[in-house]
Structures are given as structure tokens and as C-alpha cells.
Amino acid sequence: MKPVVVVTGTRPEIIKMAPILRALKKNKTPTVFVHCGQHYDYNMAQQFIENLELTAPDYNFKIKATSPGAQTGQIIAQMDKLLEETNPAIVLVEGDTNTVLAAAIAANKRKIPVGHVEAGLRSFDLRMPEEHNRRLTDNISDFLFAPTNIAKVNLENEKTWGKIFVTGNTVIDAVNEHLPIAERKSEILDKIKFKKYILATAHRAENVDDIKILRNFIEAFTESPLPVVYPIHPRTKKRLCEGGLYDMIEKTPNLQVLAPLGYLDFLIAMKNSELILTDSGGIQEEATAPAIKKQVLVMRLSTERPEAVEAGFAQIVGTDKQKILSAIKSALERKHKLPDESPFGDGKAAERIVDIVEKEFFVD
């Protein structure tokens, strides 16, 4: 029996593919787990996978390229060799990274079916490399696992030729499966010095590489009516130091800077926050999980998660300091009731995806 190849390259992909890996294991479906190491070295990736209580990958790539093009090329070459060796029934990829596009291209060139988990997301902002990756992947995928009806319509409008299935998003499955682990293992609340706080993240290149926008963010955080907890990525810290902004952070009692948080710690930090400020796409989804259920202010000009906006969980506030501050004050004062259900599904997306794969390839 040919195996299912499950490919990940970054931590968010591991998180969202974890429920699928568990569902495949539960059904005793032959599976090959490949981690391409797009962002993290072997030890860090292995530790993260162990923290989620997953079985170790069958293959780990060591990608040394620094440029996006070279990185994509290296992954294509290594995936091509692996696919020749494993001869899978289908290759499953998730999201919009260079790993996703590279693995999909390698499979497509060998005429191996591709299943794209989280297909059909669109920001319609072509400045974002993720938008290129997700569109190209969708257009060479045989199976398009759309998380929502909006994503399905995007795929239909673009006349993608693969089979479309609305499954929900595995991010909700992931929160449901991983929050109990986080509650056992995380000690992050002992490190946060505020009883009530806003959780903030900012990492997108179009934001942190623009010193004017980055200054807007930091000034909004420091002037926030409620203390802000800000886990900061080393790259963002470097930009803050270059722009002379890091001293401002250190002198502000209203702002607590933390080292980057692991996924389990971040789940607990989200759950216990009053409000979330972010430019992340995945956090917009996670915040809608019934176990988290937090309002998110999106510090961007667009979002590929309009479902979160329409359901009342998210609000696009842009990158202007005064607009961010105004939105914070309004959100804290309003405290409107959020829906009990997530617009991204009921937490059974992985089960649906695995059922579809097995009916297509393993059931006579």
C-alpha cells in the first residue's frame, strides 16, 4: 500500500498538520512524515515536535540556503529524491510557505497527487510572498481542502481544476488537542507581571522592516490604556535597535517584552489575555477557537481571514498609531460578546481530510 506523505517546513505547519498526523495514525494509514526545516534547525524542530507529543519525522531536511529562491530550489531537489524513494499515493502540504510550494512542485513533476490543506486563502495583496505561494500551490493541487466557504469561492473564481472540499481548518483541531498539553506544561503566567494585559505580536516584513510602521506599533503599545505583553522576535529586536526604539521599550512600565514564546506558552498567554494585537494570520484563526475566544485587532491593511472579521472576532485597524490606540480603547470599553462557535470549523477538519484521502486512495 502506498503511503501518504505529510510535509511540514515551519512551526505553524507542524501545528496544523499535527491533527492530520494523529488521525492518520489512529486509522493505521501508512504515513511518511517529512520535515523540511525551512525556519528551524534539527534540534529545535525535534524538541517542538516532542513537546506536541508527536512521533518524530521519518525524514528531516537540512536546508542551508538563505535566499527564498535558493531555499525553494533546495527543497524541490530533496523532495524529488524522497518521492522517488517513497512513491506515495498523495503528498499533503499545508499553508503558504516556500516549503509548501516546493513540495507541491516536486510532487506535480512526478505526477503524484497533491492535497493542499488550507487551500483558497487570499489576502489579494501581492506584496506578500505568501500570497504567491498559496495561489501557485492551489493551481497545481489535485485536492483542495478549503477551510471555509469563502475559501471555496476564491478557488472557484480562479477556476482551479482540483477537487474542492470544505473541511474546516485544522487550526481549531490543533487548539483543542494542544491546549490540554499546554495547561500541563506551560509556566508562562509565572513570567507575565500583569494580571490583565493585551498580548501583542508583530513579525511581518512589510511592517517590521518599515521603521515608521514599527515606531507606530511601539508607541501604540507604550500608550495603551492596558499593559501590553510583547514577545519579540530577534529580527524585530534588531530592527528596533537599529531604529533607536528599543530603549523606549525598556523604559516603559506599561510594556513587558518577552523572548519569543513557544506554541504551548502562547496558547496560555492568548487564553488569559484581554485582547490580542497582531499582524499574524494564524493567530486570527486560533483566537476564534471556543477554548480561546478572544477579540483580535489586526495591524495590517488586509487579511486572508475575512471569516474572523465577519464573525466579529477580528477587526482590521491598519498600521497608524492613532487608529490602533482608538481601536484598543474601543475594544476594551465595548467588550462585545463573541460567538460561541468558530467560523473556521468544529475541530473535526483533520478527520474529514483523512476520510477523503482514504476514500480516494485506500478504499475499493
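Given the structure is predicted, the values throughout are model-derived calculations rather than measurements.

Attention shifts here to the packing of aromatic side chains. Scanning the entire structure with this criterion turns up six aromatic pairs. A ring pair is formed by Phe48 and Tyr263, whose centres lie 6.5 Å apart and whose planes are at 75°; its orientation type is edge-to-face. Of this pair, Phe48 sits in helix α2 (residues 42–51) while Tyr263 sits in helix α12 (residues 263–271), and the two are 215 residues apart along the sequence. Pair check on accessibility: Phe48 and Tyr263 agree, each one buried. Here the aromatic rings of Phe217 and Phe221 are separated by 6.5 Å at their centres, their planes lie at 25°, and the arrangement is stacked. With Phe217 and Phe221 both in helix α9 (residues 211–222) and four residues apart, the pair spans about one turn of that helix. Judged on exposure class, the residue Phe217 and its partner Phe221 are both buried. By the ring-pair criterion, three or more aromatic residues cluster together here, those being Phe143, Phe145, Phe165 and Phe361.

The strand order β3-β2-β1-β4-β5-β6-β7 describes an open sheet built from seven strands, whose pairing is parallel. Both outer strands of the open sheet, β3 (59–60) and β7 (163–166), are each paired with one neighbouring strand and no more.

Once that is clear, we can look at the sheet that holds strand β12 (residues 296–298). Here six strands make up an open sheet; going across it, the order is β10-β9-β8-β11-β12-β13 and the pairing parallel. If you trace the sheet from one side to the other, it starts and ends with β10 (255–258) and β13 (314–316), each paired once. For this sheet the average axis-to-axis angle between neighbouring strands, irrespective of direction, equals 20°. Strand direction decides the pairing type here: strand β11 (residues 275–278) and β12, joined by three bridges, are parallel. Bridge pairing links Leu277 to Leu297 in β12.

Because side chains alternate across strand β9 (residues 228–231), one face comprises the buried residues Val228 and Tyr230, and the other comprises Val229 and Pro231, equally buried. Here two bridges tie strand β8 (residues 198–200) to β9, and the two strands are oriented parallel to one another. Counterpart to Leu199 in the pairing with β9 is Val229.

Right, let's get into helix α15 (residues 321–334). In this model α15 runs 20 Å from its N-terminal to its C-terminal C-alpha over 14 residues, within 8% of the 20 Å that 1.5 Å per residue would give. Residues of α15 that are buried include every one of Lys321, Ile324, Leu325, Ala327, Ile328, Ala331 and Leu332, and no others. Buried residues in α15, looked at end-on, bunch into an arc of 160°, giving them a common side. Facing away from the buried side of α15 by more than 90 degrees, the exposed set consists of Lys323 and Glu333. Contact partners of the buried residues in α15: β8, α9, β11, β12 and β13. One side-chain oxygen at the N-terminal end of α15 lies 3.2 Å from the backbone nitrogen of Gln322; it belongs to Asp320. Where α15 terminates, the next one or two residues include Lys335, which has phi positive at roughly 45°.

Calculation notes
- Residues numbered from 1 in each chain as written.
- Predicted model: local features only at pLDDT ≥ 70, side-chain atom pairs only at ≥ 80, totals over all residues.
- Heavy atoms only, no water.
- Phe/Tyr/Trp six-rings, centres within 6.5 Å; stacked < 30°, edge-to-face > 60°.
- Helix = DSSP H or I, 4+ residues; strand = E, 2+ residues; numbered from the N terminus.
- Buried < 20%, exposed > 50% of the residue type's maximum accessible area, 1.4 Å probe, protein only.
- Pairing = 2+ DSSP bridges.
- Axes fitted to C-alpha atoms, helices over the stretch in contact; angles between N-to-C directions.
- Expected span 1.5 Å × (residues − 1).
- Arc of directions from axis to C-beta.
- Contact = heavy atoms within 4.5 Å.
- Polar contact = N/O pair within 3.5 Å; in protein donor to acceptor, adjacent residues only side chain to side chain.

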